[in-house]
Amino acid sequence: IISGSTELASEPADTDEFLVSDAGTIKRIDYSLIKGSGKLLQVQYAVTTTETSSTSASYVDILSLNITPSATSSKVLVLASIGGLIRFSGDTELQLRVLRGSTSIGQIKTLNDGTSNLIQDSGTINELDEPSTTSATTYKIQIQNRDGNGTVRACHNNADTSLTLMEIAGWL
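Residues numbered from 1 in each chain as written. Predicted model: local features only at pLDDT ≥ 70, side-chain atom pairs only at ≥ 80, totals over all residues. Heavy atoms only, no water.

Caption draft 1: View of the overall build of the chain. Secondary structure summary: the chain contains 1 helix and 12 strands in total. Listing each helix as α and each strand as β along the chain from the N terminus yields β-β-α-β-β-β-β-β-β-β-β-β-β. A buried classification covers 35% of the 172 residues belonging to the chain. Of the contacts made within the chain by residues no fewer than 6 positions apart, 76% connect residues no fewer than 24 positions apart. Taken as a whole, the chain presents about 9700 Å² of accessible surface, with 47% of it coming from carbon and sulfur. (Helix = DSSP H or I, 4+ residues; strand = E, 2+ residues; numbered from the N terminus. Buried < 20%, exposed > 50% of the residue type's maximum accessible area, 1.4 Å probe, protein only. Contact = heavy atoms within 4.5 Å. Areas by Shrake-Rupley, 256 points an atom, 1.4 Å probe, with all protein chains shown as cover.)

Right, dumping it as structure tokens:
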């Protein structure tokens, strides 16, 4: 008989089992599989004020940072804040993206408004990534001059650009 009237006095052992309902079907699950889910395991942070310019349609690195997840089930919350964005002359779009290795995990662009300078105080890209590895993993913020006309810049006038990586214990 399951009554639910007895409280746990301490943390369960890894082999203790819980009963859960999966669409009406009662199933058992070991505590080892659910403990720590959603907990913050580590934080990596980097900041730069070094101005980065692009006059071509190729992406240019602004900032990179490594993290080594402790489990393949971990998620990485990526918080990128890019300051001092400006477009000098030319008919182009300033685009930003965040990469994990060579894979784009988030992208934004500032639209061409037809004026010679488009200034946006900052841009942000926030993504919950699933790297599925315990190897050192590199994340990068990059800027692009989409049409290769004129010049686009990040960190103009020494504005801050930061990258924060937070490892979160994996969810079921």
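Caption draft 2: Structural view of the sheet that holds strand E5 (residues 60–67). Pairing within the open sheet is antiparallel, and its 4 strands lie in the order E5-E10-E7-E8. The open sheet has two edge strands, E5 and strand E8 (103–110), and neither has a second partner. Within the sheet, the average angular offset between the axes of one strand and its neighbour, ignoring direction, is 15 degrees. As paired strands, strand E7 (residues 94–100) and E8 are joined by 7 bridges and run antiparallel to one another. Directly across from Arg 100, in E8, lies its bridge partner Thr 103. (Pairing = 2+ DSSP bridges. Axes fitted to C-alpha atoms, helices over the stretch in contact; angles between N-to-C directions.)

Caption draft 3: Structural detail: the packing of aromatic side chains. What the rule picks out here adds up to 0 aromatic pairs. Between the NZ or CZ atom of Arg 97 and the centre of the ring of Tyr 59, over which it lies, the distance is 3.6 Å. (Phe/Tyr/Trp six-rings, centres within 6.5 Å; stacked < 30°, edge-to-face > 60°. Lys NZ or Arg CZ within 6 Å of the ring centre and 35° of its normal.)

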